[in-house]
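Examining the three-dimensional arrangement
Next come the chains, spelled out residue by residue.
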Amino acid sequence: MPAHNAQTLQLARETLEIEAAALLTLKDRLDERFLQAVDMMLGVQGRVVVTGMGKSGHIGRKIAATLASTGTPAMFVHPGEASHGDLGMIKAVDLVLGISNSGESDELVAILPVLKRQGVPLIAMTGGLSSSLARHADVVLDTSVEKEACPLNLAPTASTTAQLAMGDALAVALLDARGFKPEDFARSHPGGSLGRKLLTHVSDVMRQGDEVPRVGPQASFSDLMREMSRKGLGASSVVDADGRVLGVFTDGDLRRLIEKGDDLRSLKASDVMHAQPRTIAAEALAVEAAEMMELHRITSILVVDDAGRLCGAINTNDLMRAKVI
């Protein structure tokens, strides 16, 4: 291996070692101050306003996003913009989480007296325990690191990793304290896969009305096949005069009949249907329909109301289009 490649790998490994060591040190520092910060954030009537400059600001944006998506109303305010009007976004019912490794970022320090005059609670996340930020704060979370992973010990690396991890620790602690559930997470992520699984109901994706194949029990086999072909579900329901499901006939049933060599022309829908088929309610989650199909190795399910009347149908293609599976 060329010498420069070996040096590159060694430097990368040292970076990870330094940052991992910083996180382990951070873990040992968690104490009553962390618990106090969690209690303050739980009790805030407004929002957690995260602020920070430069790389700490980038970390702050991520922390605010994580808090917001896990049940803690939060937003990011740039401290430089705050001095030019955005400070009006912060109200006395809010709480500020200020992030700065040194604790002396000019733009952040400039707004601290105003926050104090407004009576806004302040949590500091800093490595400067005697800094201006720390002195103004109600609670200080120590995110100091022994050294940065940067060979020059200048670029924020280990320090921003520590800030990010501390933010995640706060978010997870708050999530647990709030009793946050997967359903709550899904409501904040309707476009994600979890959101689709936990928020999409059968009624949202099922076929309805004339799209649902159905015949009466006395329908001829030819009529049954025509209904299946027109609706393209790969199956047809068999219903009584009141619309209650009596059975279902599928492509698989057709193949089995052909293999047996029966005279299909003389058969009626009631002769070939599979009685008491699998059904699901319209208000059920679409992911439940997917699980039922997988469990019973079927590709479509009839949807019924409380009285057993047919109100829709759903198959694997419908679930795939809705990105439930």
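For the structure, check the block above.
1. Let's talk about the pattern of salt bridges
- Under the criterion given, the structure shown has 14 salt bridges.
- Between Asp 318 and Arg 321 there is a salt bridge, with the nearest N and O atoms lying 2.5 Å from each other. Placement of both Asp 318 and Arg 321 in helix α15 (residues 316-321) is noted, with a separation of three residues, approximately one turn of the helix.
- Its relative accessible area of 59% is what places Arg 321 among the exposed residues.
- Each of Asp 210, Glu 227, Arg 230 and Lys 231 takes part in one network of salt bridges that share partners.

2. Describing the sheet that holds strand β11 (residues 300-304)
- Spatial strand order, β10-β11-β12: three strands in an open sheet with mixed pairing. If you trace the sheet from one side to the other, it starts and ends with β10 (279-281) and β12 (310-315), each paired once. Ignoring which end each strand starts from, the neighbouring axes of this sheet average 35° apart.
- Across three bridges, β10 lies against β11 in parallel orientation. If you follow Thr 279 over to β11, its bridge partner there is Leu 302.

3. Regarding the environment of Ala 235
- Following the sequence through the fold, Ala 235 ends up in strand β7 (residues 235-239).
- Ala 235 gets classed as buried once you look at its relative accessible area, which sits at 2%.
- Taking C-alpha positions, Ala 235 is 6.9 Å from Val 248, a pair spaced 13 residues apart along the chain.
- When residues no more than four places from it in sequence are discounted, the contact partners of Ala 235 are Pro 213, Met 228, Val 248, Phe 249, Thr 250 and Ser 300.

4. Re the packing of aromatic side chains
- By the definition in use, this model includes one aromatic pair.
- Taken together, a centroid distance of 5.9 Å and an interplanar angle of 80° make the contact between Phe 221 and Phe 249 edge-to-face. Highlighted residues: Phe 221 in helix α11 (residues 221-231) and Phe 249 in strand β8 (residues 245-250), separated in sequence by 28 residues.
- Assessed through its relative accessible area of 7%, Phe 221 is described here as buried.

5. Some thoughts on unusual backbone geometry
- The residue Gln 276 is not glycine, and still its phi comes out positive at about 50°.
- The topology assignment puts Gln 276 in the loop between β9 (274-275) and β10.
- Phi at Arg 297 takes a positive value of approximately 55°, unusual for a residue other than glycine.
- Summarising the element assignment, Arg 297 is placed in the loop between α14 (286-296) and β11.
- Given a relative accessible area of 80%, Arg 297 falls into the exposed group.

6. Examining the pairing of β8
- Sheet topology note: the β7/β8 ladder contains five bridges and is antiparallel. Looking across to β8, one finds that Val 239 is bridged to Val 245.
- The turn joining β7 and β8, which pair antiparallel and follow one another in sequence, is formed by five residues; a positive phi near 85° is taken by Gly 243.

7. Thoughts on the sheet that holds strand β6 (residues 214-215)
- The strand order across the open sheet formed by four strands is β6-β7-β8-β9, and the pairing between neighbours is mixed. One side of each edge strand has no neighbouring strand; the edge strands of this open sheet are β6 and β9.
- As paired strands, β8 and β9 are joined by two bridges and run antiparallel to one another. If you follow Gly 247 over to β9, its bridge partner there is Ala 275.
- Packing against the sheet, α11 makes contact with β6, β7 and β8, and its axis sits at approximately 75° to β8.
- Sheet contacts for helix α12 (residues 251-260): β8 and β9; angle to β8, the most-contacted strand, approximately 65°.

8. Description of the nonpolar core
- Membership of the largest hydrophobic core comes to 27 residues, with the highest contact counts inside it found for Val 48, Leu 67, Leu 97, Ile 123 and Leu 170.
- Looking at this core, the elements that each hand over two or more residues are α2 (32-43), β1 (48-52), α3 (54-69), β2 (74-76), β3 (95-100), β4 (122-126), β5 (139-142) and α7 (158-177).
- Aside from chain neighbours lying at most four places away, what touches Leu 170 is Phe 34, Ala 37, Val 38, Met 41, Leu 97, Met 125 and Leu 141.

9. Some points on the side chain of Asn 315
- Mapped onto the fold, Asn 315 is located in strand β12.
- The exposure class assigned to Asn 315 is buried, which follows from its relative accessible area of 4%.
- Filtering out sequence-adjacent residues up to four positions away, Asn 315 remains in contact with Arg 207, Leu 233, Met 293, Thr 299 and Ser 300.

10. Topic: the packing of α2 against α7
- Closest axis-to-axis distance for the α2/α7 pair is 10 Å, and the angle between their directions is 60°. The orientation of α2 relative to α7 falls into the category oblique. In the packing of α2 onto α7, the handedness of the crossing is right-handed. Contact with α2, carried on its side by Phe 34, Ala 37, Val 38, Met 41 and Leu 42, involves Met 166, Ala 169, Leu 170, Ala 173, Leu 174 and Ala 177 of α7 and no other residues of that element.
- In terms of residue class, the contact of α2 with α7 is made up of eleven nonpolar, no polar and no charged.

Scoring rules and cut-offs
Per chain, residue numbering runs from 1 following the sequence as it is written. Confidence filtering applies because this is a predicted model: local features only for residues at pLDDT of at least 70, side-chain atom pairs given and counted only at 80 or more, and all residues used for totals across whole chains, interfaces and linings. Note that water and hydrogens are dropped before the side-chain values are worked out from all heavy atoms of the structure. The salt bridge criterion pairs a side-chain nitrogen of Lys or Arg with a carboxyl oxygen of Asp or Glu, the two atoms within 4 Å. Strands here mean DSSP runs of E at least two residues long; helices mean DSSP runs of H or I at least four residues long; both are numbered from the N terminus. We call a residue buried when its accessible area falls under 20% of the maximum for its residue type, exposed when it is over 50%, and partly exposed in between, using a 1.4 Å probe and counting protein chains only. Strand pairing is assigned whenever DSSP detects at least two bridges linking the two strands. Angles here are taken between N-to-C directions and fall from 0 to 180 degrees, while the axes themselves are lines fitted to C-alpha atoms, restricted in helices to the stretch in contact. Residue contacts are defined here by distance: any two heavy atoms, one from each residue, within 4.5 Å place the two residues in contact. The pairing test for Phe, Tyr and Trp rings, Trp by its six-membered ring, is centres within 6.5 Å, and the orientation test on the planes gives stacked under 30 degrees, edge-to-face over 60, and tilted for anything in between. Nonpolar cores were defined as sets of buried Ala, Val, Leu, Ile, Met, Phe, Trp, Tyr and Cys residues, with membership established by side-chain atoms within 4.5 Å. Oblique is the label for any angle not covered by the other classes, which are roughly parallel (under 35 degrees), roughly antiparallel (over 145) and roughly perpendicular (65 to 115). Less than a right angle of anticlockwise turn of the near helix away from the far helix marks a crossing as left-handed, whereas a clockwise turn marks it as right-handed. Note that Gly is not counted as nonpolar here; it falls among the polar residues with everything else outside the nonpolar set of Ala, Val, Leu, Ile, Met, Phe, Trp, Tyr, Cys and Pro and the charged set of Asp, Glu, Lys and Arg.

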